[in-house]
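# Survey of secondary and tertiary structure
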Amino acid sequence: MYALVDCNNFYCSCERVFNPKLENRPVVVLSNNDGCAIARSEEAKALGIVMGTPEFMIREQVLEHGIAIFSSNYPLYGDLSDRVMKTLVSFVPRMEIYSIDEAFLDMHDLYNQDLLALGVEIRRTVRRHLGIPVTVGIAPTKTLAKMANRYAKKKHRDTGVFWAASDELIDQVLAATEVVDIWGIGAQYAKLLRINGFKTAKDLRDAPDEWIRQKMSVVGLRLLHELRGRPSIACAFTAPAKKNICTSRSFGKLISDYKTLSEAVSNYTAACALKLRQQQSCAKELHVFLQTNPHRVQDQQYMRSITLQLETASSMTNELIRYALKALDIIYQPGFNFMKCGVMVQDIKPEDAIQHALFDSVDRSKNKTVMHALDKVNKALGKDLVRFAAQGFEKKYRLRAGYLSKRYTTNMNELLTIKI
DNA sequence: TCTGGGGTCCTAGGACCC
DNA sequence: TCTGGGGTCCTAGGACCC
């Protein structure tokens, strides 16, 4: 058995933890750059705010209904997520953190327990420790657990827990789930399946293997087995090292000048380098891309990217910035209104397994010590305190974040104050 | 005025090898 | 008339996830 535990409307719930006045009020959290709605409280959903709607299109509703609106506050959400996960893992021997607000709990060692009662206990505990409401779905496979979770939200709002404990209960969940709502079925496959007469997950479960194999490859076949109760998607109990790491942002305003772009590229590169060091790995390739805004029909469009090979795989910020600026020099063209750029590091390998170039002139052990010290200082004193000159200070390209709450749990200057 | 960011896995086809 | 068999690696593109 697996349990899928997810936090309800996670980003909205995080905002409510430190601002109880938001209870029972519609709340919306916006994407980076205050671009579009990415989290909605139940009240906001009821008002018809659709996931992914651009902010300027919901402005009227915001005013009319007094919707509380927030910019994304990732330091806050990330920290609360860590705390939720710590609470969850205390209940089971093994757990896979699936996303910032979801985890699969492995319940195979708990077969003679009342899992429904356990689910209720998990929910109660997270609520008490963190103030975050969660929903629990329990079933024999990960796909069914996802489905049971969805079913709990629909049919068991009061308890927030559902255990598909028998074939009858599993059938019930399958029959109540539209094909498009199955984990692993997106818009394309949903369309294909609909055309061919599959309406619910129950229909799909009884589909012929060969047909699914042909139309949906082995991915579809695995899904079929999962629906039939045979676990076919492995749990990743320890987070595997990432194979690509990407940092990219849309700018707060359009940018044309090289200097500002080079600072953005340097900063995104520094972010990638930090993530590399955190997972003890190095990258052998660096990819930089640059693009104008395709929504602006009046602007001439330009989109380019380039991948450079490093002589020696590295995670050193200064070394990676050197390559990134070389890449930018090649793809940059003056005279365009750029909207976005990004840096991706690829061909990632463990740092203790890198092959040095024959004529490598960099003192890598010394450089490693410097990076270690830099990370330590920045961690203690705030993210970007120590930086390389190329990163600049102005951040003219900075994201818009007009509705930002405080970093209550990760920044000493932004602690919650209470008036008594 | 204004439309997010960061990932994974699979397949097909081409180049190349013995 | 007739032109092997088996493999690897790489890339681009498509599908999906939160």
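Described in the following lines is the structure provided in the data block. (Residues numbered from 1 in each chain as written. Chains lettered and ligands numbered in written order. Predicted model: local features only at pLDDT ≥ 70, side-chain atom pairs only at ≥ 80, totals over all residues. Heavy atoms only, no water.)

Along chain A, the regular secondary structure elements total 13 helices and twelve strands. For 420 residues, the compact-globule estimate of 2.2 N^0.38 gives 22 Å, and chain A sits close to it at 24 Å. Summarising its shape, the C-alpha atoms of chain A cover approximately 65 × 60 × 45 Å along the three principal directions. Out of the 420 residues in chain A, the part that is buried amounts to 46%. Taking the intrachain contacts of chain A between residues at least 6 apart in sequence as the baseline, contacts between residues at least 24 apart amount to 69%. Summing over all exposed atoms, chain A offers an accessible surface of approximately 22,300 Å²; the carbon and sulfur share of this is 54%. Charged side chains of chain A number 58 positive and 45 negative; the gap between the two group centres comes to 3 Å. (Helix = DSSP H or I, 4+ residues; strand = E, 2+ residues; numbered from the N terminus. Rg over C-alpha atoms; globule rule 2.2 N^0.38 Å. Buried < 20%, exposed > 50% of the residue type's maximum accessible area, 1.4 Å probe, protein only. Contact = heavy atoms within 4.5 Å. Areas by Shrake-Rupley, 256 points an atom, 1.4 Å probe, with all protein chains shown as cover. Lys, Arg positive; Asp, Glu negative; His and termini not counted. Charge placed at Lys NZ, Arg CZ, Asp CG, Glu CD.)

To continue, consider the sheet that holds strand 5 (residues 94-99). With mixed pairing, five strands are arranged side by side in an open sheet as 5-6-1-7-8. Strand pairing shows two members of the sheet lacking a second neighbour, strand 5 and strand 8 (161-163), which therefore form its edges. The average undirected angle you get between the axes of adjacent strands in this sheet is 15 degrees. With three bridges joining them, strand 7 (residues 134-139) and strand 8 adopt parallel strand pairing. The residue bridging glycine 137 from the neighbouring strand is phenylalanine 162, located in strand 8. Helix 5 (residues 115-130) contacts strand 6 (102-106), strand 7 and strand 8 of the sheet and is inclined by roughly 155 degrees relative to strand 8. (Pairing = 2+ DSSP bridges. Axes fitted to C-alpha atoms, helices over the stretch in contact; angles between N-to-C directions.)

Another aspect to go through is the protein's contact with DNA strand C. For DNA strand C, the set of nearby residues contains 13 residues, the closest of which are Glu102, Lys146, Gly184, Gly186 and Tyr189. At the protein interface, 100% of the atoms of DNA strand C within 4 Å belong to sugar or phosphate. Note that a sugar or linking oxygen of DNA strand C is positioned 3.2 Å from one of the side-chain N or O atoms of aspartate 101. Within the side chain of lysine 146, an N or O atom sits 2.8 Å from a phosphate oxygen of DNA strand C. Going through the elements one at a time, strand 5 and helix 8 (187-195) are the ones with two or more residues in the surface near DNA strand C. The element best represented in the surface near DNA strand C is helix 8, accounting for three residues. Partitioned by chemical class, the residues of the surface near DNA strand C number six nonpolar, four polar and three charged. (Near = heavy atom within 4 Å. Polar contact = N/O pair within 3.5 Å; in protein donor to acceptor, adjacent residues only side chain to side chain. Nonpolar A, V, L, I, M, F, W, Y, C, P; charged D, E, K, R; others polar.)

Within soluble globular proteins, side chains that are nonpolar generally end up buried alongside one another. Core analysis: the biggest nonpolar cluster contains 37 residues, and Phe10, Leu88, Leu105, Met107 and Ile132 have the highest contact counts within it. Broken down by secondary-structure element, the contributors of at least two residues to this core are strand 1 (2-7), helix 1 (10-17), strand 2 (27-30), strand 4 (68-70), helix 4 (74-89), strand 6, helix 5 and strand 7. If one sorts the elements of this core by residue count, helix 4 sits on top with six residues. Apart from residues lying up to four places away in sequence, methionine 107 is in contact with Met1, Ala3, Val92, Leu115, Leu118, Ile122 and Ile138. Counting 32 residues, the second-largest nonpolar core is a separate cluster that includes Ile255, Leu261, Val265 and Ile306. (Core = buried A, V, L, I, M, F, W, Y, C linked by side-chain atoms within 4.5 Å.)

With that out of the way, let us pick up the packing of aromatic side chains. Scanning the entire structure with this criterion turns up 15 aromatic pairs. Residues phenylalanine 104 and tryptophan 183 carry aromatic rings whose centres are separated by 5.5 Å and whose planes lie at 45 degrees to one another, so their mutual orientation is tilted. Separated by 79 residues along the polypeptide, phenylalanine 104 in strand 6 and tryptophan 183 in the loop between helix 7 (167-175) and helix 8 bring together distant segments of the chain. Phenylalanine 104 gets classed as buried once you look at its relative accessible area, which sits at 0%. Through a chain of ring-to-ring contacts, the aromatic side chains of Tyr258, Tyr302, Tyr332, Phe336 and Phe338 assemble into a single cluster. Arginine 94 extends its terminal NZ or CZ atom over the ring of phenylalanine 237, reaching a point 5.2 Å from the ring centre. Against the face of phenylalanine 104 rests lysine 142, its NZ or CZ located 4.8 Å from the ring centre. (Phe/Tyr/Trp six-rings, centres within 6.5 Å; stacked < 30°, edge-to-face > 60°. Lys NZ or Arg CZ within 6 Å of the ring centre and 35° of its normal.)

Moving on, we come to the protein's contact with DNA strand B. Around DNA strand B, the surrounding shell holds 23 residues, and the nearest of these are Arg222, Cys246, Ser248, Arg249 and Ser250. Near-protein atoms of DNA strand B (within 4 Å) split between backbone and bases, with sugar and phosphate holding 77%. Within the contact set of DNA strand B, a phosphate oxygen lies 2.7 Å away from a side-chain nitrogen or oxygen of arginine 222. Looking at the surface near DNA strand B, the elements with two or more residues in it are helix 3 (55-65), helix 10 (209-227) and strand 9 (245-255). The element that contributes the greatest number of residues to the surface near DNA strand B is strand 9, accounting for six residues. A breakdown of the residues in the surface near DNA strand B according to their chemical character gives six nonpolar, nine polar and eight charged.

Before going further, it helps to examine helix 4. Across its 16 residues, helix 4 extends 22 Å between first and last C-alpha, which sits within 8% of the 22 Å expected from 1.5 Å per residue. Three or more residues of helix 4 are buried, namely Leu76, Tyr77, Asp79, Leu80, Ser81, Val84, Met85, Thr87 and Leu88. Residues of helix 4 that are buried sit in contact with strand 1, helix 1, strand 2, strand 5, strand 6 and helix 5. (Expected span 1.5 Å × (residues − 1).)

This part takes up the side chain of serine 31. Position of serine 31 relative to the elements: it lies in the loop between strand 2 and strand 3 (37-40). Excluding its chain neighbours within four sequence positions, the residues that come into contact with serine 31 are Cys36, Ile38 and Ser72.

Examined against the element boundaries, cysteine 246 turns out to sit in strand 9. In this structure the C-alpha to C-alpha distance between cysteine 246 and valine 343, which are 97 residues apart in sequence, comes to 5.8 Å. When neighbours within four sequence positions are excluded, cysteine 246 is seen to be in contact with Cys272, Lys275, Val343 and Met344.

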